[in-house]
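Given next are the chains, with one letter for each unit.
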Amino acid sequence: MLFYYTFVSGMRWILIMIWLYTFPAGLMGQNTIALPETINYPKHTYKAGTQNWGICQDKNGLMYFANNEGVLCFDGTSWKNYPLPNKTIVRSVAVGADDRIYAGGQDEMGYFTPDNRGILRYHSLNSLVAENNRSFSDVWDIVPVDKSLFFRTTAQIFQLADEKIIAYPASNWLFLGAAGGKVLAQEADKGILRFENNTWVPLIPIDRLPEDFVITAVLETGKDSICFTSLRHGIYLHTKEQFTPIRTADLNRIADYNIYDAVQVGDHFALATNRKGCFIVDRQGGFVQQFSRHDGLQNNNILSIFTDRAGNLWLGLDNGIDFIAQNSPVKTLLPDRESDGAGYSSIIHNHHLYLATTDGVYFAPVAGYQDFGFARSHFTPVASLREQVWNLSRINDRLLAGHHDGFVEIRNGQPGIVDKTTGFWTFQPLTAVLPSPKMVAGCYTGIRIYDCEGEQLTESARVNFESARFVTVFNNQVWISHPYKGIYKIETRGEHPWVAENMNTIAGLPRTGNYIFTVKNRLVVTTETGIYEYDPVEKVFALSTLLHPLLGHLAIRYLHEDKAGNVWFVFDKSLGVIDFSEETPRIVYIPELHQKMVSGFEQVYVADMENVLVGAEKGFFHINYAKYRNQSQEMKVFLRQVHVMGQTDSLLFGGYFADVNAPQLQQRQPSVSYEWNSIRFEFAAPQYEQQSNIEYSFLLKGYDNDWSDWSRKTVKEYNNMPPGTYSFLVKARNNLGKESTALRYSFVIQPPWYKTWWAYVFYGCLLGYGLYRMYRWQKGKFRRQQLRYEEKQRQLRNQHQLELEKSEKEIIQLRNEKLEAEIQHKNKEMASATMHLVKKGELIGRIKEELQKMAKNIEEEKSLEALKKMIRALGEEDKMDKDWEHFTIHFDKAHNDFFVALKEKHKNLTPNELKLCAYLRMNLTTKEMAQMMGISVRGVEISRYRLRKKLQIPTEVSLFTYLLDFHGSAVAGNGISNTTPPLS
């Protein structure tokens with residue numbers, strides 16, 4: 001068997017040497033085994049034209065691209081396009097010393113600079129060009145040197161200095177560049193020229209240049225040396241007196257692919273071609289790496305190339321933009337580029353790197369490389385092992401490969417079958433002291449023990465129970481975990497070797513989701529609730545005092561301790577490492593590998609700190625961990641846009657606080673009207689190779705109470721914010737815990753018009769006016785109430801007065817009625833008394849007459865004397881007239897000066913007529929009046945008729961009514977005396 005391995009190995013190396021000797025040019029195709037990550041940005045991502053003709057970067061790290069449809073700006077998160085006014089193709093772009101972004105197109109050159117809102121605005125320089133030179137076609141190159149800028153067109157080179165443009169015409173300007181602070185150009189008829197003292201002087205005459213020699217780039221290699229790359233003639237080195245080509249087989253091949261552009265990448269040159277992508281060569285012209293469509297580029301036609309400040313490559317393609325994380329410590333390793341097989345296991349054996357994949361095992365020599373990701377070799381498949389291989393292990397310097405149908409031992413790249421009875425998962429030495437006399441192998445049906453001391457591996461024991469994919473050895477005991485069936489311990493017990501014991505009954509250990517490993521000489525089990533550690537004295541599992549404080553309750557399903565004592569772990573499809581290199585352990589996550597490992601079959605192999613291999617869904621990842629954990633690039637975060645939102649969106653801030661290269665320090669505080677009270681912030685950290693590692697936290701002072709949780713979110717919106725003054729703060733950090741300083745952006749949301757100071761003044765005035773009006777209204781109300789009250793009181797008084805008057809009237813009426821009744825009664829009494837007096841007078845008169853008659857007839861003196869005495873007594877009837885006078889006075893008093901008024905108005909009335917009036921007012925009958933007056937009834941009627949005529953009473957008015965309604969008060973009011981003249 002040993003002879004077979006030796007013979008096959010020897011023949012293999014002989015064939016390789018013959019192939020190398022026969023095809024020396026084929027060495028150029030031998031790329032490094034690991035390549036940095038390539039990120040593709042197709043046109044639908046940046047939303048502009050296909051071709052990209054130039055690339056530059058400002059001091060803040062933002063990238064700019066000369067695109068068919070404008071100047072593209074990229075911050076690592078978002079793209080923005082700034083077209084030229086005439087919408088022509090932008091052929092060139094550069095950042096000037098004056099912090100402006102210069103761009104050149106067809107018949108157009110100018111610069112972009114931020115306006116007062118931080119939005120890039122274009123300013124044309126065409127007005128500075130002489131009118132006869134303004135039709136200059138495309139501007140192919142822009143070169144800033146000191147305080148000047150040079151623009152190359154085919155027929156003119158324009159120099160911009162002190163806001164003036166000077167034109168330098170030529171038959172055909174082929175190239176414009178700068179090296180060592182000098183501006184260099186190629187003119188078709190004069191060769192290579194240098195700009196000195198405002199003129200072009202020859203550097204290399206045309207006769208010293210090869211035919212059809214066209215410069216595409218200038219690379220400064222030393223104080224007195226310059227490398228020129230040419231389109232078809234490779235690279236030439238220029239020193240003080242010499243101009244010589246750098247000739248190598250690799251460069252000759254590369255020259256055939258047309259070198260369009262070139263830049264320096266560390267100590268190497270990156271050459272962009274239009275047929276085979278990008279080549280990295282050393283300064284002697286030796287091939288280092290190639291990036292082509294086969295290696296992840298979108299296409300092989302590269303129009304422009306640029307090295308950013310972090311040492312990474314940007315490629316402007318004929319269709320798209322590509323980013324190569326050349327300086328990244330994480331690279332991709334594909335053993336077979338024609339197959340994207342998953343990677344399961346890796347190991348270094350005899351200075352060769354072996355990789356186990358779904359397509360078999362591959363190996364490649366890596367001797368002589370400290371970082372073997374840069375090893376320029378190729379992978380060779382292990383013959384007859386072209387199937388899925390689960391594991392590669394080295395036991396006592398034996399390289400073993402477990403696969404689906406058994407396991408083999410690989411010697412000199414050739415497999416030797418050891419066991420084909422079942423599939424094998426893993427291999428472990430049975431003792432901690434190496435070389436180990438025995439080996440335990442986990443297979444599909446349990447475990448098997450092999451003796452390792454002889455030339456061949458010999459099976460010595462077999463324990464069949466469950467599939468044993470997770471196997472570890474602790475204190476000469478074999479421990480096995482099955483994720484769904486628990487933990488098993490296998491050990492020898494007297495005469496019963498290798499007895500399996502189910503450990504599921506041990507207190508404190510979950511029944512499912514268990515994975516077992518040996519870390520720091522401890523037996524640990526990872527579960528869904530945390531990491532447990534086995535206590536061999538108490539024979540129980542408890543939460544690990546080492547790992548649980550660091551990892552908490554993370555559901556870890558893979559652990560691996562490297563030679564340096566660091567512990568690598570996998571949880572939730574993410575890879576991390578507990579770094580014990582410092583006094584305090586710290587956890588470092590590798591987010592570049594998130595969700596890219598083979599789920600459930602994760603494997604980490606640590607050869608040393610510069611060579612860590614991790615199985616992936618496509619091949620493997622190579623990590624230079626020493627470089628990874630020492631990355632010192634400063635973290636910066638930038639506010640890229642601020643949008644205010646109402647019914648539509650409006651750009652409030654365009655990404656620049658001052659000049660393009662100026663730090664982001666806010667200089668003015670914008671004020672936003674209330675109708676735009678929803679706001680969106682966009683931010684980014686332009687560390688392009690770390691985009692998957694960067695997280696952000698933000699705080700809006702005046703609105704948020706605390707910083708947000710760290711997340712990869714690069715947009716934050718706030719909706720329907722109240723008026724006030726706010727400050728938005730954002731910071732970034734990478735997976736190594738490095739944080740940027742917080743960026744601040746302050747702004748004011750104005751109150752709505754109804755909450756402004758003048759509105760409050762108006763409200764105050766309105767309130768004052770309202771209070772005044774209320775006061776007036778209240779006062780008026782009180783006045784109205786008072787008036788109503790007064791009116792009511794007046795009405796009550798009037799009512800009371802009316803009632804009093806009514807009562808008085810009623811009293812008066814009753815009194816009048818009483819008086820009238822009394823008057824009537826008195827009238828009747830007076831009438832009766834008058835009648836009595838009249839009768840008496842008549843009787844006395846008749847008696848007197850009779851006595852007088854008797855006296856005539858009586859002669860007796862004594863009797864006559866008695867008669868005369870009687871006649872004298874009866875003669876006292878004059879007193880009757882006095883009684884009538886008293887009657888008249890009393891009558892006037894009873895009837896309101898009736899006689900006085902009647903006499904005043906009717907002065908021609910006779911006493912008898914006055915008596916008649918009195919009798920009429922007393923409502924005496926005609927008969928009674930006749931008796932009172934001593935006349936006949938007829939005489940009374942005649943007297944009444946005459947009285948009516950004197951009084952001029954209308955026929956329709958009754959004489960009684962007239963006399964009854966006749967009052968003397970009116971007359972008395974006019975000063976008429978109340979004295980009633982005596983009646984005669």
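Residues numbered from 1 in each chain as written. Predicted model: local features only at pLDDT ≥ 70, side-chain atom pairs only at ≥ 80, totals over all residues. Heavy atoms only, no water.

Participant: Explain the overall build of the chain here, please?
Facilitator: A tally of regular secondary structure across the chain gives 14 helices and 65 strands. For 984 residues, the compact-globule estimate of 2.2 N^0.38 gives 30 Å, and the C-alpha radius of gyration of the chain, at 67 Å, exceeds that figure by more than 25%. Put simply, the chain has 984 residues, and 50% of those count as buried. Counting only contacts in the chain whose residues sit at least 6 apart along the sequence, the fraction spanning at least 24 positions is 51%. For the chain, the exposed surface amounts to about 48,300 Å²; the carbon and sulfur share of it is 51%. The average position of the 109 basic charges and that of the 109 acidic charges among the side chains of the chain differ by 11 Å. (Helix = DSSP H or I, 4+ residues; strand = E, 2+ residues; numbered from the N terminus. Rg over C-alpha atoms; globule rule 2.2 N^0.38 Å. Buried < 20%, exposed > 50% of the residue type's maximum accessible area, 1.4 Å probe, protein only. Contact = heavy atoms within 4.5 Å. Areas by Shrake-Rupley, 256 points an atom, 1.4 Å probe, with all protein chains shown as cover. Lys, Arg positive; Asp, Glu negative; His and termini not counted. Charge placed at Lys NZ, Arg CZ, Asp CG, Glu CD.)

Participant: Explanation requested: a nonpolar patch on the surface in the structure shown.
Facilitator: A surface patch of nonpolar side chains, amounting to about 650 Å² of accessible area, comprises Trp753, Tyr754, Trp757, Trp758 and Val761. Assignment of secondary structure puts Val761 in helix 6 (residues 757-857). The class for Val761 is partly exposed, based on a relative accessible area of 44%. (Patch = residues over 30% accessible without salt bridge, like charges linked within 9 Å, V, L, I, M, F, W, Y side chains within 5 Å. Salt bridge = Lys/Arg side-chain N within 4 Å of Asp/Glu carboxyl O.)

Participant: Sorry if this is basic, but what is going on with the packing of helix 9 (residues 898-905) against helix 10 (residues 911-921) here?
Facilitator: Their axes nearest at 11 Å, the elements helix 9 and helix 10 cross at an angle of 130°. By the criterion of interaxial angle, the relationship of helix 9 to helix 10 is oblique. The way helix 9 lies across helix 10 gives a crossing that is right-handed. Along its contact with helix 9, which presents Phe898, Phe899, Leu902 and Lys903, the element helix 10 presents Leu914, Cys917, Ala918 and Arg921. (Axes fitted to C-alpha atoms, helices over the stretch in contact; angles between N-to-C directions. Parallel < 35°, antiparallel > 145°, perpendicular 65-115°, else oblique. Left-handed = near helix turned anticlockwise from the far one by under 90°.)

Participant: Would you mind showing me how to read the sheet that holds strand 31 (residues 343-349) here?
Facilitator: Backbone-to-backbone hydrogen bonds join strands into a sheet, with any given pair of strands oriented parallel or antiparallel. Reading across the sheet, the four strands line up as 31-32-33-34 and stay open at both edges, with antiparallel pairing between neighbours. The open sheet has two edge strands with one neighbour each: strand 31 and strand 34 (380-381). In the sheet, strand 33 (residues 360-365) pairs with strand 34 via two bridges, with the strands oriented antiparallel. Looking at strand 34, one finds that Tyr362 is bridged to Pro381. (Pairing = 2+ DSSP bridges.)

Participant: For this particular structure, what's the right way to read helix 12 (residues 937-951)?
Facilitator: Each turn of an α-helix holds 3.6 residues, which means side chains three or four residues apart point in the same direction. A rise of 1.5 Å per residue sets the reference length of helix 12, with its 15 residues, at 21 Å; its end C-alpha atoms lie 21 Å apart and thus fit the reference within 8%. Turning to helix 12, its buried residues are Gly939, Val940, Leu947 and Leu951. Taken around the axis of helix 12, the buried residues stretch over an arc of 100°, which confines them to a single face. What points out from helix 12, more than 90 degrees from its buried face, is the exposed set Arg938, Tyr945, Arg946 and Lys949. Buried-residue contacts for helix 12 involve helix 9, helix 10, helix 11 (926-933) and helix 13 (959-965). (Expected span 1.5 Å × (residues − 1). Arc of directions from axis to C-beta.)

Participant: Any chance you could explain the confidence of the model for the chain here in plain terms?
Facilitator: Reading predicted coordinates in detail is not appropriate for stretches of low pLDDT. Residues of the chain with pLDDT of at least 70 account for 90%, and the chain-wide mean is 86. When mean pLDDT is compared element by element in the chain, strand 4 (residues 63-67) scores highest at 98, while helix 14 (residues 969-973) scores lowest at 38. Taken together, the stretch residues 1-27 has pLDDT below 50 and engages in 16 contacts with residues farther than four places along the chain or on a different chain. Counting contacts from residues 969-984, a segment whose pLDDT is below 50, to residues more than four positions away or on other chains yields 26 contacts. (pLDDT = per-residue confidence, 0-100.)

Participant: I would appreciate a short explanation of the side chain of Asn126 in the present structure.
Facilitator: Mapped onto the elements, Asn126 comes out in the loop between strand 10 (120-124) and strand 11 (141-145). Engagement of the side chain of Asn126 in a polar contact is seen with the backbone oxygen of Asp107, the distance being 2.9 Å. A polar contact is formed between the side chain of Asn126 and the backbone nitrogen of Met109, at a distance of 3.3 Å. Among residues more than four places away in sequence, those in contact with Asn126 are Asp107, Glu108, Met109, Arg134 and Phe136. (Polar contact = N/O pair within 3.5 Å; in protein donor to acceptor, adjacent residues only side chain to side chain.)

Participant: Help me understand the sheet that holds strand 49 (residues 530-535) in this model?
Facilitator: What the four strands build is an open sheet, ordered 47-48-49-50; its pairing is antiparallel. Because the sheet does not close on itself, it has two edges, and the strands there are strand 47 (515-519) and strand 50 (540-543). Averaged over all pairs of adjacent strands, the angle between strand axes in this sheet comes to 35°, irrespective of strand direction. Of the pairings in the sheet, the one linking strand 49 to strand 50 comprises four bridges and is antiparallel in character. Within the sheet, the bridge partner assigned to Tyr534 lies in strand 50 and is Phe541.

Participant: Can you walk me through the nonpolar core in this structure?
Facilitator: If you look at soluble globular proteins, the nonpolar side chains tend to sit buried side by side. Counting residues in each nonpolar core, the largest one holds 47 residues, and the members touching the most others are Trp479, Phe541, Leu559, Leu575, Val614, Ile623 and Tyr625. Take this core: its biggest share by element is five residues, from strand 52 (residues 567-571). The residues touching Val614, leaving out its near neighbours within four places in the chain, are Leu575, Leu593, Met597, Gln603, Val604, Phe620, Phe621 and Ile623. One finds Leu355, Val361, Leu385 and Leu399 within the second-largest nonpolar core, a separate group that totals 29 residues. (Core = buried A, V, L, I, M, F, W, Y, C linked by side-chain atoms within 4.5 Å.)

Participant: What's the story with unusual backbone geometry in this structure? I'm lost.
Facilitator: Cis geometry is adopted by the peptide bond preceding Pro435, which originates at Leu434 and carries an omega value of 0°. Relative to the assigned elements, Pro435 resides in the loop between strand 39 (424-429) and strand 40 (438-443). Its identity is not glycine, yet Asp146 carries a phi of approximately 55°, on the positive side. Its identity as a non-glycine residue notwithstanding, Asn720 has a phi of 50°, on the positive side. With respect to the helices and strands, Asn720 occurs in the loop between strand 63 (715-718) and strand 64 (724-733). When its relative accessible area of 61% is taken as the criterion, Asn720 is described as exposed.

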